[in-house]
Amino acid sequence: MNDLGRLEDLPADYVAALRERNLVPLWPSLRGVLPPHIPTRQTRPTHWAYADIKPLLLKAGELTPIEKAERRVLVLANPGHTLEKMQASAALYLGMQLLLPGEWAPSHRHTPNAVRMVVEGEGAWTTVDGERCPMSRGDLILTPTGLWHEHGHDGDQPVVWLDVLDLPLMYYLEVSYHLNGSRQEVKPGRGDRAYARAGVVPTPVFGRSGKRYPMLRYPWADARAALLSLADDQPDAAHVQVTYTNPESGEDAENVLGFHALMLRPGQTLTLPARSPACVYHVIEGGAQVAAAGQCFPLKEADTCCIPGYESTTLINASASAPAFLFVADESPLHRKLGVYEVRPDNQPVMP
Ligand code: GTQ
């Protein structure tokens, strides 16, 4: 079944005649584009240690003024895709962004969807669609497709956050572009206040937003409390995870990438089945080993790793006495919309 004809089996003048007319025979490449049982993945399991990133990011702060960078970011690039492509996986882009006290990253908007996961520092803010979102460690802030956003910093220490975008997908689709704007006027009202508790949303008569993205900031204190409460309520549950959703529709917070927070109980080892989406783990609190595809990464606080799709993954809490908290980003909304989302409990194909 694998002995299909090769390109070398064809007469050279025939292949040349095809090429001149922009034609290609399928059969020599058929198994390449449709491999048996499991897709070919360029994405390699990759670990980026914050201890490596931070000094180089601070150095970028000395080398390049914000006016020359617009966004001062070191991209977490997966070598499997080549570093030049600046992608963590097929659809995921990761970057560590630095903003120094008093700096301002000017307002723009673009077709790719973004989120920020705040890694360290206090006093920065991101204004999204006129809503000024304070940035504290562990907070998740959405900047969905098309919404104006700008970053500022009134604190006195450097602020660092992790950017997660669907830029590689948008670029591949040839739909990636941006528009520059001027400083936004901050409007009254904030989604993280209006939608402060799950299941209790503003009554429409008093002005449900009608916005596609009613909530732009998800404070870490709330996500953390939700995880602890869930773990308490379901003491036998192994997979203690919450998903960041749109509080009005209950759907994923953004269109393409999925965002979650996961808690490992003290001493816990959690094995997740192979699933089609590539997945990013970032430690908010504590430490964890992430083992997949023959690799094992010891993640410390603020470390990040990427695991390709279709790989079972084991997460081990580094502490026997304290929980560990991880931020998880994946391609699951995209895979579900495309109809290719797959879970493989026994590592066997379960084609949807
Ligand atoms: O902060 O708006 O890492 O536009 C890449 C592109 C961050 C941003 C990135 C961006 C931004």
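Details of the structure are given in the entry above.
If you're wondering where the values come from, they're calculated on a predicted model, not measured in any experiment.

Novice: Please explain the overall build of the protein chain as it appears in this structure.
Specialist: For the protein chain, the count of helices and strands is eight helices and 23 strands. Against the 2.2 N^0.38 benchmark of 20 Å for 352 residues, the protein chain shows a C-alpha radius of gyration of 22 Å, consistent with a compact globule. Taking the principal axes of the C-alpha coordinates as reference, the protein chain spans close to 70 × 50 × 50 Å. Burial status across the protein chain gives 45% buried among its 352 residues. Considering only intrachain contacts with a sequence separation of at least 6, the fraction spanning at least 24 residues in the protein chain is 74%. Element-wise, carbon and sulfur atoms account for 55% of the exposed surface of the protein chain, whose accessible area totals about 17600 Å². Here the protein chain contributes 32 positively and 40 negatively charged side chains, and the mean placements of these two sets differ by 2 Å.

Novice: Looking at this structure, I do not really get the site of the ligand. What am I missing?
Specialist: Around the ligand, the surrounding shell consists of R71, V73, Y93, Q97, H108, H110, R116, H149, H151 and D163. Here Y93 contributes a side-chain N or O atom positioned 2.7 Å from an oxygen atom of the ligand. In the model, an oxygen atom of the ligand is placed 3.1 Å from a nitrogen or oxygen of the R116 side chain. Compared with its free state, where it exposes 290 Å², the ligand has 89% of that area covered by protein. Those elements that provide at least two residues to the shell around the ligand are β3 (93-99), β4 (104-110) and β9 (149-153). When grouped by side-chain class, the residues that make up the shell around the ligand number two nonpolar, five polar and three charged.

Novice: Even after reading the chapter, I still don't get the layout of surface pockets, so can you show me in this structure?
Specialist: Using a probe with the size of a water molecule, rolled over the atoms, empty space left in the structure can be pinpointed. A volume near 1200 Å³ is recorded for the largest pocket. As for the largest pocket, its lining consists of 39 residues, of which P39, T40, R41, A90 and H335 are closest to the centre. Where the lining of the largest pocket is concerned, the elements lending two or more residues are α5 (167-172) and α8 (332-338). Per-element accounting of the lining of the largest pocket gives the leading share, five residues, to α5. Of the voids in this model, the second largest pocket is the one considered here, and its volume is about 560 Å³.

Novice: Explain the environment of G250 to me, please; I cannot follow it from the model alone.
Specialist: Looking at the element boundaries, G250 is found in the loop between β13 (240-243) and β14 (258-264). Relative accessible area serves as the criterion here: at 51%, G250 is assigned to the exposed category.

Novice: Can you walk me through the sheet that holds strand β5 (residues 114-120) in this structure?
Specialist: Adjacent strands of a sheet form backbone hydrogen bonds with each other and so pair up, either parallel or antiparallel. Spatial strand order, β2-β3-β10-β5-β8-β12: six strands in an open sheet with antiparallel pairing. The outermost strands of the open sheet, each flanked by one partner alone, are β2 (73-75) and β12 (217-218). The pairing of strand β8 (residues 140-143) with β12 spans two bridges and is antiparallel. Paired with L140 across the two strands is Y218, which belongs to β12. Each of β2, β3, β5 and β10 (159-165) touches helix α3 (residues 50-63); the most contacted strand, β3, lies at about 50 degrees to it.

Novice: In this structure, what is going on with the state of the cysteines? I would like to understand it.
Specialist: One covalent bond between the sulfur atoms of two cysteine residues makes up a disulfide. Within the structure shown, the criterion is met by zero disulfides. A disulfide-free cysteine, C296 has its sulfur positioned 9.7 Å from the sulfur of C305, the nearest such atom.

Novice: Help me out: how do you make sense of a nonpolar patch on the surface in this one?
Specialist: Judged by side-chain polarity, L4, Y14, L26, W27, V33 and L34 come together as a nonpolar surface patch covering roughly 590 Å² of accessible area. Relative to the assigned elements, Y14 resides in helix α1 (residues 12-20). Judged by its relative accessible area of 38%, Y14 is partly exposed.

Novice: Looking at this model, I keep getting lost on helix α7 (residues 220-233). Mind explaining?
Specialist: Because an α-helix completes one turn every 3.6 residues, residues spaced three or four positions apart along the sequence face the same direction. The first and last C-alpha atoms of α7 sit 20 Å apart over 14 residues, in line with the 20 Å expected at 1.5 Å per residue. Considered for burial, the residues of α7 that qualify are W220, A223, L227 and A231. Projected onto a plane normal to the axis of α7, the buried residues spread over an arc of 70 degrees and lie on a single side. Residues A221, D232 and D233 are exposed on α7 and point more than 90 degrees away from its buried face. Those residues of α7 hidden inside the fold are in contact with β12, β13, β14, β17 (279-285) and β22 (324-330).

Novice: How do you make sense of the sheet that holds strand β19 (residues 295-299) when you look at a structure like this?
Specialist: Ordered in space as β15-β21-β18-β19, the four strands form an open sheet in which the pairing is antiparallel. Pairing within the sheet leaves two strands with one partner each, and these edge strands are β15 (269-272) and β19. The average angle at which neighbouring strand axes cross in this sheet is 15 degrees, direction not considered. Pairing of β15 with strand β21 (residues 313-317), which is carried by four bridges, proceeds in the antiparallel orientation. Of the residues in β21, the one forming a bridge with L270 is L315.

Novice: Looking at this structure, I do not really get the pattern of salt bridges. What am I missing?
Specialist: Note on pairing: side chains with opposite charge can pair once their charged atoms come close. In total, this model carries 15 salt bridges according to the counting rule given. Among the ionic pairs, R224 bridges to E285, the shortest N-O distance being 2.7 Å. With R224 in helix α7 and E285 in strand β17, this pair connects stretches of sequence that are 61 residues apart. Note that E342 and R344 form a salt bridge whose closest N and O atoms lie 2.7 Å from each other. Salt bridges sharing common partners tie together D139, R190, D192 and R217.

Novice: Hey, could you run me through the nonpolar core in this one?
Specialist: Soluble globular proteins tend to pack their nonpolar side chains together in the buried interior. Formed by 58 residues in total, the largest nonpolar core has its most connected members in M96, L140, V164, Y244, F259 and F327. Counting 18 residues, the second largest nonpolar core, distinct from the first, contains L262, L272, L315 and A324.

Reading the values: rules and limits
Residues numbered from 1 in each chain as written. Predicted model: local features only at pLDDT ≥ 70, side-chain atom pairs only at ≥ 80, totals over all residues. Heavy atoms only, no water. Helix = DSSP H or I, 4+ residues; strand = E, 2+ residues; numbered from the N terminus. Rg over C-alpha atoms; globule rule 2.2 N^0.38 Å. Buried < 20%, exposed > 50% of the residue type's maximum accessible area, 1.4 Å probe, protein only. Contact = heavy atoms within 4.5 Å. Areas by Shrake-Rupley, 256 points an atom, 1.4 Å probe, with all protein chains shown as cover. Lys, Arg positive; Asp, Glu negative; His and termini not counted. Charge placed at Lys NZ, Arg CZ, Asp CG, Glu CD. Near = heavy atom within 4 Å. Polar contact = N/O pair within 3.5 Å; in protein donor to acceptor, adjacent residues only side chain to side chain. Nonpolar A, V, L, I, M, F, W, Y, C, P; charged D, E, K, R; others polar. 1 Å grid on protein atoms, 1.4 Å probe; cavity = no way out; pocket = protein on both sides within 12 Å on 5 of 7 lines; lining within 4 Å. Points joined across faces, edges and corners; volume = space filled by probe spheres on them. Pairing = 2+ DSSP bridges. Axes fitted to C-alpha atoms, helices over the stretch in contact; angles between N-to-C directions. Disulfide = S-S within 2.5 Å. Patch = residues over 30% accessible without salt bridge, like charges linked within 9 Å, V, L, I, M, F, W, Y side chains within 5 Å. Salt bridge = Lys/Arg side-chain N within 4 Å of Asp/Glu carboxyl O. Expected span 1.5 Å × (residues − 1). Arc of directions from axis to C-beta. Core = buried A, V, L, I, M, F, W, Y, C linked by side-chain atoms within 4.5 Å.

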